[in-house]
Every structure is written in C-alpha cells, then in structure tokens.
2 protein chains.
Amino acid sequence: MYRTKTCGELRIENLNQEVVLAGWVQKARKMGGMIFIDLRDRYGITQLVFNQEINSELCERAAKIGREWVIQVKGKVMERSNKNANIPTGDIEIITGELTILNVSEVPPFTIEEDTDGGDDLRMKYRYLDLRRTNIRANLELRHRMAFETRSYLDKLRFLEVETPVLIGSTPEGARDFLVPSRMNPGEFYALPQSPQTLKQLLMVSGFDRYFQIVKCFRDEDLRADRQPEFTQIDCEMSFVEQEDILNTFEGLTKHLFRTIKGVDIPDFPRISYADAMKLYGSDKPDTRFDMKFVEIKDLTTRKNFVVFDSAGYVAAICAESCASYTRKQLDELTDFVKRPQIGAKGLVYVRYEADGSLRSSVDKFYSQDDLKAWADRCKAKPGDLILVLCGETEKTQKQLSELRLEMGSRLGLRDKNKFNCLWVVDFPLLEKDEELGRFFAKHHPFTGPKPEDIPLLDSNPGAVRANAYDMVINGVEIGGGSIRIYNSELQKKMFTILGFTEEKAQAQFGFLMNAFKFGAPPHGGIAFGLDRFVSIFAGLDSIRDCIAFPKNNSGRDVMLDAPTAVDQEQLDELNLQVRP
Amino acid sequence: MYRTKTCGELRIENLNQEVVLAGWVQKARKMGGMIFIDLRDRYGITQLVFNQEINSELCERAAKIGREWVIQVKGKVMERSNKNANIPTGDIEIITGELTILNVSEVPPFTIEEDTDGGDDLRMKYRYLDLRRTNIRANLELRHRMAFETRSYLDKLRFLEVETPVLIGSTPEGARDFLVPSRMNPGEFYALPQSPQTLKQLLMVSGFDRYFQIVKCFRDEDLRADRQPEFTQIDCEMSFVEQEDILNTFEGLTKHLFRTIKGVDIPDFPRISYADAMKLYGSDKPDTRFDMKFVEIKDLTTRKNFVVFDSAGYVAAICAESCASYTRKQLDELTDFVKRPQIGAKGLVYVRYEADGSLRSSVDKFYSQDDLKAWADRCKAKPGDLILVLCGETEKTQKQLSELRLEMGSRLGLRDKNKFNCLWVVDFPLLEKDEELGRFFAKHHPFTGPKPEDIPLLDSNPGAVRANAYDMVINGVEIGGGSIRIYNSELQKKMFTILGFTEEKAQAQFGFLMNAFKFGAPPHGGIAFGLDRFVSIFAGLDSIRDCIAFPKNNSGRDVMLDAPTAVDQEQLDELNLQVRP
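Residues numbered from 1 in each chain as written. Chains lettered and ligands numbered in written order. Predicted model: local features only at pLDDT ≥ 70, side-chain atom pairs only at ≥ 80, totals over all residues. Heavy atoms only, no water.

**Student:** Talk me through the overall build of chain A; I want residue IDs and the actual numbers.
**Tutor:** A count of helices and strands for chain A gives 17 helices and 23 strands. Seen through its principal axes, chain A has C-alpha atoms that stretch 90 × 75 × 55 Å. Here chain A holds 581 residues, and 58% of them are scored as buried. Restricting to contacts in chain A with at least 6 residues of sequence separation, those with at least 24 account for 65%. Within chain A, the 88 negative side-chain charges are centred at a point lying 2 Å from the centre of the 79 positive side-chain charges. (Helix = DSSP H or I, 4+ residues; strand = E, 2+ residues; numbered from the N terminus. Buried < 20%, exposed > 50% of the residue type's maximum accessible area, 1.4 Å probe, protein only. Contact = heavy atoms within 4.5 Å. Lys, Arg positive; Asp, Glu negative; His and termini not counted. Charge placed at Lys NZ, Arg CZ, Asp CG, Glu CD.)

Shown next, in the form of structure tokens:
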C-alpha cells in the first residue's frame, strides 16, 4: 500500500503520528519560506507543509510540483496554527519529511473544482478528469449507495436478483431495438433488451416468486436531456400479489432509501387516480410539492359573449398566491411562455385579485366584477392573488396549463430540491387510441392486466378499460411504473387481438410467453424504477448525465471513447454484412 | 396477497392455525376417500388433504387437478399421522376447506423433479419449466447470495460499484467483439465490452480509488461447455496498491464467501509461481486437491538405448498411489486416454512397483530393476504404487501429463466437489511469443505491468520478463485473474511497440487511455472474477449453464426465445445495412 492513511481521515487526535499519504495535488502555494500543498484523494483533502528552513532540498523539489501531479509523502501530523473549519481535516497539517513523485500531469484543460470553468463538451471529452470533481464523484457515490441499499432492502424481503440475458430477440413493438448481428448465425440478429419484461414474467412462471435486477436496458431513440441509449432499471416482479402488495412493498423501498441515505422520513404516499391527476394537475406525474390545482370554470364563463371561451370545450384556472402585483412585463412573459411552440397555447387570460378586493382582468370587456368574483371564489383566491386561465380542447389545454403551473411553481420557489413529495398515480387507462392510425396501443405494455371489474368493457368500450397499472411519482418525475400482469393465456391472446396483432405475429414475437402461460402461470405483477432518474432526484440534478460515469451525448456518442466508430471491412465480412454506400 | 404463509414455513408449532397457501401442484394421489396434494412453491412443499367424507364437492373438484396447476387453498394446519422426515414441513398437513384454481397447466414435457427425464434440448426450450426444479433454482439462489455477499464485503472496504457503459468502441485485439450498428451515426458501430478494463483504469485516473462492478461482458467466440457469449464478471480495481494488497483483499473476499455461504473456513492461500506450477503440475491452474506432482526423470533415463526417451527433451513421471494392481485393460485405457487427439501423446510408459518390491514396466527391455528403482525413489513411490511416464517436447508433454494427472485424480476419487483448494498463481510471464507470427502477445493484456526488476529485460529479452500478474485458482479452475497495471504513459507506449502496434494504431484504439495517463494516473491494479465459474465451483456443477437463468447453446442460440432471428428489412434500412446474399 502506498499510504497508511487517506487524505480524509486525519484529525487532531492523530497529532504527532508519522503517516504516509498519497494523492493528487489540488493546489500548491508559496508563502515566505514555506510551500503548502493541498493533497486530494477520494476521501478528502489534507494540507502538506514543506519548510525551506528545515529541508531546503525537499522544498526545492516540492516547488516544481504542479496541479494534479500524483505524489506520495511521509510526514508528521501537526496542529495547524491557521485552522480551516470548512474541511474535516482542517485542524491539522502534515510536516513533510519525504516526497515521492508518482506521476506528473499536464495542465488539465479545465479546473478540477466543484464550479469548473470547463464547458459540457470539454468535460465529456475529458470525463476522467471531470470525474475528479468532488460533486460529480459524490453523485456516483450516491448511486452506489442507492443501489446497495435497494439490494439490502429487497434481499431482506427474500427477493432474488436474477440476471437475464442481454442478447435476446428483437420485438419491433414499442421503441426501436439496438440490433447485434450474430456471426455464428449469419443474417440473424440479437437485440438488446428494452427491459427484461417478458423474461421476468417467465421467472414468475418458473416459481421464482420474488425477482429483482438492477439492469442495463437499451432504447434506440432520439435523445433528450433525460434520455440515454443505455439506462439502468431497478426491475422487480412478484407472484401471488395484488396491486396493493406491490404498492406497499415498493413504497417501503422508497422510504427505506430516503431514510437510510438522506435521513428523511417520508409519510405514506398519497394515491391519486390517473383521471384525477389529469383533472387536477393536467399531468400523470404531478409535482405535488405545491398545490395550485386546476379549477374548471367553463360553466362560469359561458354566455358572456366571449367567443374564445364559449367555443372552447374546456376552461380552467390556476391561482398563484400573492402574484396580483405581477407587472405587465411579467404577465407578458407568462403569455409568451404558454405561446411557445413546445406548449402551443393561443393566449393567456389573467385576473388580478387586487388587495382592495377589486378584480382586474384581461377580459374585463366581457366579464363583470361579479363574474370574476365567482371565478375567484371557485379558485379559493384571496385578495393579492393572481388567477391564470387557459382554454381549448381538454387534453391539450390540460397539458398547457400543467406547464404553466410548473413554471409558476418555479417562479414562486415552490419546487425546492430538498423537499420530496412522493405519490402513486393509479388506475391508468389500459389502452390509448391512436386516432390517426385508428387503433389501440397499450398504454403501459401488452402484458398489463385490466381491472377485473372492467373486463366486460374490453369488447364494448376498450378505451374505457382501466388497468391495474401504477406509477410512482416524486417531485413531478415518474420514478417507476408497473402493473399487475395478465397471467391467463386466453386473456393475453385477446389483448394481442385488441392491439391489432395477428395470431402469427403474436406467436412470432411472444410465442414463448404465451406457451409458458399454458403451464401454470401464477398471478403476478411488478414495477421498474429508472435508477438514473431516482439518483438524479436524490442528488438534485437537472440532468441524469451527471449521475452516470460515462454518459453519451445527444447524438448517442461517447466523445471520450470516440464511439461509435467505423470498423474494419474484415469484421463486417465475418458478420456477412455490408454498409450501404 | 394470495397467501398468508408460504409452502415452506409451517411447522408443528402452527397447529390449528387457519392458513392460506398458493402454489403449484407437485403431485396428487388418491387413497381411500382422501386426496393428497403436494403443493409446491419456491420455499418448500406442503401436503394438502381433501376428505371425501367431510366435503365431497371439494374433493370432487380436487380430483380434477393436474400436475403443475396453480391453486390457492384455505385450510387448517393439522398434525400428520404419517410424518415425513425428509421435508421441513413433514410433521403437518393442511385440511383443506376452500380451493381456488388460479390457473390450469398442460402436462409438462418433462418431470419437474431434481432428476428430470428431460434431455438438455427439451430443458432449454422449456427453460421456464426447467427452472421450477429445486436444484436448478437453488443454483440461482446461490448465485444471488454470492453476488450479494460480494457486494457487502467490498462495500465495507469502501469499494464503489460504478456502472460502465455497454455500448463502447470496438478494439479488435483479443477475442472478437460483438458489434452494434448505430442508427444515429450511419456506418458506425458500437461494440459490447469484452471487459470494462480500460474504463475501470480511467476510473482510477479519476481518483475513484476502489471500484468494483458485477457486470455482463461479451465475447463472440466459438463456444464450449464453459463458455457463453455473455458472461458475468466481478470486476475490481484499486489505486495506490501493490500486488500484495490485491492478493490480500481478494483472498479475503473468497474466504468471506466460503465462510458466509458454505460455512467453510479456508486457510491462507498458498502461492506458487507460474514457473513452478508448470514444472510441478503442467498447468497454470493446478488442481491441488490432490498431490501427484510431476517428477522429472530425464537424467535417470538417458544412455540406456531407449531412443524414445533419449530423443525427448523432457521425461517426467507421476506416481499414482496403490495403483500397481491396475490391470492390462486399465493401463490400455490410460494409454488410449493420453493418445486421444485432444491430448496427443505418442504413448505411455508405466512402472508397477509391486507389493513384493519388484518393478515391472513397459520398458523392461531397456531398464534394469536398479534403473527403475531410481525412478521410483525420486517419485517417492512405495510398493503398490504405479508410476506413469510421458516424454517429448517440454511444454506439450507437461500439458499431456497434466491431463493424465487430472484423469488419475478423478479415477482415484481425489477430486471431491465438497473439498475446496484455493491458491494464487503468481509471476506470470508478461509476454507470449507466437512463433509462427514471430511476434509477442500480451499474456494477460497490454496494460499489465512488468515486475520492476525485470523492466531492463524488456529490450534485451522480452520473453523472460515476468509480470505483476496473478490468477486465483480453486480446484483446478481459474476463478479470477488480474495484474498491477502500467500507469506511466511512456512505459505503456513501449508495451504497445513491443506488441507490434504502430503509434497510429495504438492511438486509434487506446488513445483515450494514453491521454488520460498524461494527467496524473495513480499506481493501480485489479482483478476480475468469472462469476459463472465461481458459482459453479460453489454449486459443484460441471457446466456453467445451470447457474445461468437463460443460457445460450453451443451455437449461441437462445432456443427458448428463438434468438437470434432475421429482422425486418425496414430495421436494417434504418441502420443503413444490408445482409450479403
């Protein structure tokens, strides 16, 4: 071992001990006849002192050391005269007696500090230097801890972690698969799993009873800030359970993580139906750190000759507390915000509930004080509040108003990253109709079970069938989702029919699962969490990238490794493949 | 929850309790007016009783239940009159009051018993049924436990589990990569990692200090019984360490696993140099559960006109205790064994050390009793022992004699699967010369560090340079291997030169690593364990397949999923690829 202690552990109790430390030079500075070096490793920073008067040769060598050099020193722990209360080792320093330069370093292309001067591209190219930054490393330490505690919790409940294969068959439904050509089976391809969904269901058929896996999954999608072509799931499945059992088990997991890692006790999770979530927040992943629920006022707005509202199927308001003082400019900003193409509202109506009790709106021409007072009352607005109203087709408008609600929440500082509001959204619809294609798609996936009481609707009104499906939402982010599965092969066949699979296609893609169901499948259900997002929420990150050691950019490139790349023709020949010119 | 208890937990203490159980019907039998059903779940088997006299309607329904049906029963725990000491629940049975059939089952294609009547192909096609067998499931439970205890041990030592990417760049050195075409970067390919070797080294450059990962790796090789295209490594790396630190840390891991999982205390691991392992066992992964070391006798055999020995560079013997009584037929079997093409010896010389002290050999024509006595003495043979001798070119003959030694060990019952002999093989050569190509290859990989004292030999006699490389061997199986790495970019460059890389090629393939080394790489080293093999050794399996949930066959096919498969032309078009006609 090149050291007897780490750079994070020496305290005043270690006074006068001879120690050997090794690490990176965070910074070096000369003061009078002394050189001070901050030596850094994963565990902390310790100050080294070289004294010209005591050992001038050593001091001369120390003077040549640059940032990020790797050194080993032997020395004695002494009390600092000038203590640094900001770091745990701040009471002591090492009077250096011996110095070994283990490696030199070129000047790094950006500063290795929490607030670095490196831009995103540079940081990603030199990710191995970026990872030296304490805050980035802390994210990965947190990730380790969360995965570890997840395993501890599930192991105690007798879940077994079972590895499922990475090289599987392609199932062109859903997102695009990454394909892997097979050399031994020319012209044939493996696919990388988008999730181990069918495999974990097979494990339930096998009687594994309680399965989990922290596992890489792959989707060849166009990327956004919170999407990566490879991502990690905490994937879980249980047999002989009902929805309630799954919710309790994994609410328990989440509470365990918050308690052991963040020292936060989370109260029991509220449950809200998908229908209510859409009605009250316009979103199936509402941020419930703040209230500001939707208030429908269509009935209060009609027959006042305001054509915009009259012709809208849906008119709804949110009430922003204490925002009646918003300036014209601020209101214009909000109008611009909702009119952005990503949001797409046609306009924004506001009502200022002034401190004196009067109401001033952008639609005063059409609505009397009494009219507006009725709106305000329904919104439970107080003098000083601001009411914001959107209208249009129901679903679109709900989404727009949801964005506006989040924007107001941010503006009002109601989305504190250190506050955690967890909830379950339940009773999702089983199917979603693609109006253009005129066919149904599975809202969750084709294996999701309908609520038993809704099964009769499968023939008469499929769109109304609710699923035994649920999402866990924290602070407006969908952290996990799952469902109780179909375990009856006839019902599964029926689902495939509703989803427009021919018998042949269903057989070709999911034959192994339907066959398995013929041999005694138990009732089962499960859930999968996005670990990247889960860690991001815990770390308060805006993007999942900084909790991933080596992420890819928006073009799916690893700029550090410079992957993907062209390959030798020889390699393609072996695979019996050619690239189109 | 469909049950209040599992099928494995009820005991005499639970007498008279009302319980609900759910599981699979292992078997059903009628006796008089009673029906007995063995109900199975992951946790055990519990006997259910249906009594014609008490409830004839229920009994009638129970009579129709077949093997592997999934049922739920409610009933009362009663003491059995006819106890079964072979199962933990054997003292009790359930007098069934209610029965729900959760799912029916077709008759499975093979019996769901420890000793099944299903052949390998059938078992793999219906793997989900095969996994219901208690012994197969036990292997996967063991695998879970080993992975879990590995994580616990390493976490306590402050190792961080860091996930490295699965989609990386191709490095055509070594085994073949699996390639993954990139849709977003047409004509370019990712590769699946053969190991996270370079990435974990980058994490050391990043200051992660102690890394591990239980991770899938991929090699597109032609397959054998103990190879799979995807396999799992316990991959580890440490900074600021010397070889001794790694050996101690991971010897500790292995002892921890044996202690916590098998209740076995393993003594400190002997260490043997590669040179000695080859000299004494003819193998770099000797099975040391039994002795039977090689004894070189070339000097004792010369100048007796036996041309075969005289013309051989190497003559060596093993002594099989108490085998002098081997019949002609048994000796012929051994001769056939060593002459098989896979082994390739030209013949086998034996010396029977008879009980009366006389020596009878297959080369009596050339060697006197005194000559043979000298061989026997060197072999420390006793009357009653059998000496077996092979000769030829040193390395080839060592390999042949090693195979013969293992065969004799097996014949003599010296390779007990419940005995565990662990050791370290150290001081591997750094390089291996391919005589045909006339160039050196890295014995371990290009990042392995030479022993510092051997560095001067890199120029003068590269083949003689020893590496700081080590393998952990248990019962003749290489369970893990690793090395202290090169951390100096100049030395790394030199290695690439010796290995015949042009500067351009080295830069193209490993540029990111060499660049990283310019920014302060710490001394580091690591090890990787093959989890599949590790579990196999613990489980006493001959093949790794039965500790893998969904393994592939020798053609790399998953016969259950029927993968790989042809894919739609549309999918290939998106990837800008075509399959050669």
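Next comes the rest of the write-up.
**Student:** Break down the interface of chain A and chain B for me, with residues and values.
**Tutor:** A common way to state how big an interface is: give the accessible area lost once the parts meet. Across the contact, 124 residues belong to chain A and 126 residues belong to chain B. Here chain A packs against chain B, burying approximately 11500 Å² in sum over the two surfaces, 58% of which is carbon and sulfur. Three residues, A:Phe240, A:Phe519 and A:Arg580, lead the burial of chain A against chain B; their summed loss comes to 8% of the area buried on that side. A salt bridge links B:Asp222 to A:Arg183; the nearest nitrogen and oxygen atoms lie 3.2 Å apart. (Buried area = accessible area lost by both parts, 1.4 Å probe. Salt bridge = Lys/Arg side-chain N within 4 Å of Asp/Glu carboxyl O.)

**Student:** Mind laying out the side chain of A:Thr301, listing which residues take part and the relevant values?
**Tutor:** Residues and elements named next belong to chain A. Here Thr 301 lies in helix 8 (residues 298-301). The exposure class of Thr 301 is buried, given its relative accessible area of 0%. At 2.7 Å, the side chain of Thr 301 and the backbone oxygen of Lys 298 are in polar contact. Apart from residues lying up to four places away in sequence, Thr 301 is in contact with Phe 309, Asp 310, Val 315, Tyr 367 and Trp 375. (Polar contact = N/O pair within 3.5 Å; in protein donor to acceptor, adjacent residues only side chain to side chain.)

**Student:** Could you give an account of a negative patch on the surface, naming the residues involved and the relevant values?
**Tutor:** Residues and elements named next belong to chain A. A contiguous patch of negative charge on the surface is contributed by Glu 113, Glu 114, Asp 115 and Asp 117. With respect to the helices and strands, the residue Asp 115 is situated in the loop between strand 5 (92-103) and helix 2 (120-125). We classify Asp 115 as exposed; its relative accessible area is 74%. (Patch = residues over 30% accessible without salt bridge, like charges linked within 9 Å, V, L, I, M, F, W, Y side chains within 5 Å. Areas by Shrake-Rupley, 256 points an atom, 1.4 Å probe, with all protein chains shown as cover.)

**Student:** Can you tell me about the confidence of the model for chain A, naming the residues and giving the values?
**Tutor:** Predicted coordinates in areas of low pLDDT are best not read in detail. When pLDDT is averaged across chain A, the result is 95; 99% of the residues are at 70 or more. Interface confidence for the predicted complex, given as ipTM, is 0.96, next to a pTM of 0.96. (pLDDT = per-residue confidence, 0-100.)

**Student:** Kindly report on the domain arrangement of chain A, identifying the contributing residues and their values.
**Tutor:** Looking at chain A, the domain boundaries give domain 1 (12-103), domain 2 (136-272 + 421-548) and domain 3 (290-411). Placing the centre of domain 1 of chain A and that of domain 2 of chain A at their C-alpha centroids yields a distance of 51 Å. (Domains from an automatic or database assignment.)

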